[in-house]
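Secondary and tertiary structure notes
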Amino acid sequence: MRTCATIFLGVLATAPAICAAQAEGGEPAERDSGQLAEIVVTAQRREESLQNVPISISAFTASDLEKSNITQARDYLMMSPNVSFSDDGQTGNRSIRISIRGVSNVSLGEIASPNALGYYIDEFNVGSVASNTINPGLLDVERVEVLRGPQGTYFGRNSTGGAINITTKLPDRHWFAELGGKVGNFGTWGGHGIVNVPLSDTFFLRGVLNYESSTGLVKNIIPTGTPNSGYDQTDARLSARWLITDNFTADFSYSYSNDTEGFDGDVNTGVLDLDTMSIEGPTFRPISDGLPYYPQNQRLVAHGTPEWNRNGLQLANLRLTYDFGGFTLKSITGQIRTRNSRMFDQDVVSPDTINRRNEWHADSTSQEFRLQSKSGNALDWVVGALYARDKNERYNRIYLGTEFTYTYPDTGETVGLAPPFPDLAINENNSSFTNKSAALYGEVTWHFTDAWAFTAGGRYTHDKIDNTLTGLIAFGSPQPDLAGSSSFNDFSPRAVLTYKLSPDVNFYASIARGYKAGGNNLNGSLPQHVRPFAPEKAWNYEVGFKSEFWDHRALLNGSVFYMKWSDLQSDVIYLIDPTDISSAVSLTESAANATSKGIDLEARFRPIEPLTLGFTLGYLDATFGKFPNAVVYSNEVDLSGRQLPQSPRWTGNASAEWSKEVSDSFSWYARFEESFRSKSFSNLQAVAAAPLGLPQFPYQSPSFAVSNLSAGVNVGDLTIRGSIDNLFDKQYYTGTGDHFGFAGVRVRPHPRMWLIEAIYRMR
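Keep in mind it's a predicted model, so treat the numbers as computed, not measured. (Residues numbered from 1 in each chain as written. Predicted model: local features only at pLDDT ≥ 70, side-chain atom pairs only at ≥ 80, totals over all residues. Heavy atoms only, no water.)

Our focus in this paragraph is the overall build of the protein. When helices and strands are counted, the protein shows 7 helices and 47 strands. In terms of C-alpha radius of gyration, the protein reaches 26 Å, essentially the compact-globule figure of 27 Å for 763 residues. Relative to its full complement of 763 residues, the protein shows a buried share of 59%. Counting every atom, the protein has about 29,200 Å² of accessible surface; 58% of that belongs to carbon and sulfur. (Helix = DSSP H or I, 4+ residues; strand = E, 2+ residues; numbered from the N terminus. Rg over C-alpha atoms; globule rule 2.2 N^0.38 Å. Buried < 20%, exposed > 50% of the residue type's maximum accessible area, 1.4 Å probe, protein only. Areas by Shrake-Rupley, 256 points an atom, 1.4 Å probe, with all protein chains shown as cover.)

Structure representation (structure tokens):
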């Protein structure tokens, strides 16, 4: 923490000069083209300047998304301090696990259902999905906000570590159409269309359609298997806006997404994981099928079974807003249905030995009412109520194939891989998870002087969690059905003190708590067949500042935080009887406590009109507290004081953009970015690797710095733009796939990728 405090105090040392210079200038003037554009966010459920919101936020405007070629979550997360992710591809090309300030789902695989982060699209929570974490396409999006720290009052519903808030573009009264086509390496091509149609003075429609296809990063050398990790992705959205009266507005949107994909885009490392060693024995020799391992091989695998990942999404959202003059009443009604169908070659080698089949479905609905005052009064207030129902249904089947031995070509040695029982169900079950949640929340801000304001609020939440486990078969033997139910109540408060030193310099100090509901473990092998686990709760203490200076040509924001949470939920897998594989237990346990502390810094400068420089820096020290009896694949290990998963110590991003408008019909831009992440662990097995005597590679994801380049030219209504990701073709991976496999832990390569796009706009 000393390093973090030193950096932060060094930044604060510059504040008096900044503040003095700004105070002399009085109220900011209207911004011209040489100044930084004002960024508007909705982190407090009202449109406000980013600089006035007492929350640590990274915000990306529509222009940022376009010029940086941001098309999915990993692109903007890479540019956000103290945010980490693992794009392991285990539920498709967009599969991702996210951590903010060290808060994530501490899991060994795919057990966790509730997320530790809130995910919102147009004010509707979309966090409960079949693939665990949603990662929507970002075409025709107005803004993306990454909020760090607990966001219980406004976002609630598992926003323990923070929230991601996406705002799409609304239909308006101006006719507009856009057509685009793109082509890139790895067989990538696609196109999109956008149209905005004013049907009357008060009713407008907007449609978005995007398609992308690729042959994928990885190819299969076995003819009987799926040929590659390619994909075909379709995203569509239809939005309507109806200005019913001068005071009453209705906004509706329907989104559809369908992904048809091949196998996971990862390759083998030859380093066996604990799950495989516990079954095959510690002396088992990895199977290479004649292929080198990563990093020598980043393009080829040998999978003997057909595989697929198919994801679907349907989302409907209705927002009704009535303006009473001094305050507004808003209703948000939403439903999201998602599915994931997965066929996976579990052994990840040429013999057809073990396969996995998943059919996962999720359905989430919610109704929220919010009454909120207009800004600018001595008292700003908001009250709201929400009811939500999340239901996840999962069919899982792990079964034997048709080949049960393998002969190593170099030695001629033949080994048995599994007992010779074709199509035997090793594990088969239907599980369901239902959360019925009701919440009341409120917050009031008292501006007791022109400079000082105090905010106090909180959210009361009641969660009822129901789980069922039916149709369970373990090694061909039917097991009894199980069911469990638990209820949890929580009040999460928030308090903020803000001080406006000048119109462009704000300081704040906040205290907030986050909450994630508990649940039920169901397993017939447990001494208690139903074993509830406790909710996860976190307190966050934060001090920060937001400042603009140099006549709005420079911006510097920062915060220092300390977070402590109890009953950290952690997934464990072990054998109750070490000699009996059928006694395997997968459950969630409370891992005692953990702490997270660090700093967030973001800066932006425009030294001359065409040039904009950006810089972010995050320092994070996130560790388990007392966790002496962690269980990782039947191994008990002391993880006390060890680094949390997905918590790199340092994160940073630097960018330089030159944007020049030559005439009314001609402009161009070029942008260079460099992103850095220090070494980290992607999951609990990786954290336990060192104390268990496992090698550092590949469990510890190494530090990396990756460069991206993008450029574009606008000539009248035509835009040509291109991008190169990983410009210098650095070798790196963000996490590991540690499930059972005869060829070892798997990692996803990130080779250099280029894309060229042409867009024609009609107004």
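Okay, the pairing of strand β40 (residues 666–677) next. The alternating pattern of β40 places S667, Y669, R671, E673, S675 and R677 on a buried face and F666, W668, A670, F672, E674 and F676 on a face that is not buried. The antiparallel pairing of strand β39 (residues 650–663) with β40 creates a hairpin that spans 2 residues between the two strands. Taken together, the 12 bridges between β40 and strand β43 (residues 704–715) define a ladder with antiparallel strand orientation. Paired with E674 across the two strands is S707, which belongs to β43. (Pairing = 2+ DSSP bridges.)

Here we come to the nonpolar core. Within the largest apolar cluster, 33 residues are counted, with the highest numbers of intra-cluster contacts made by Y76, L77, I98, Y119 and I166. Counting 31 residues, the second largest nonpolar core, distinct from the first, contains A591, Y633, L644 and A686. (Core = buried A, V, L, I, M, F, W, Y, C linked by side-chain atoms within 4.5 Å.)

Moving on, we get to the sheet that holds strand β46 (residues 746–747). Taken in spatial order, the 3 strands make up an open sheet running β16-β46-β45, and their pairing is antiparallel. Strands with a single pairing partner mark the edges of an open sheet, and in this sheet they are β16 (267–268) and β45 (736–737).

Take the pattern of salt bridges next. Pairs may arise between side chains of opposite charge once their charged atoms sit close together. Enumeration over the complete set of coordinates arrives at 36 salt bridges. One salt bridge in this structure joins E673 and R671, with 2.5 Å as the shortest N-O distance. Taken individually, E673 and R671 each receive the classification buried, so the pair is uniform in this respect. Ionic contacts of the salt-bridge type, sharing partners, join the residues E66, E178, R721, E757 and R761 into one network. (Salt bridge = Lys/Arg side-chain N within 4 Å of Asp/Glu carboxyl O.)

Let us look at the sheet that holds strand β7 (residues 124–125). Taken together, the 5 strands give an open sheet; going across it, the order is β3-β8-β9-β6-β7, and neighbouring strands pair in mixed fashion. Only two strands of the sheet have a single neighbouring strand rather than two, namely β3 (56–61) and β7. Looking at chain direction, β3 and strand β8 (residues 141–148) are connected through 6 bridges and run antiparallel. The partner of S56 across the bridge, within β8, is R148.

Along the polypeptide, T160 turns up in the loop between β8 and β9 (162–168). Expressed as a C-alpha distance, the spacing of T160 and W565, which sit 405 residues apart in the sequence, is 9.3 Å. Ignoring anything within four residues of it in the chain, the contact list for T160 reads V103, A116, G149, P150, G514, Y515, K516, E536 and A538. (Contact = heavy atoms within 4.5 Å.)

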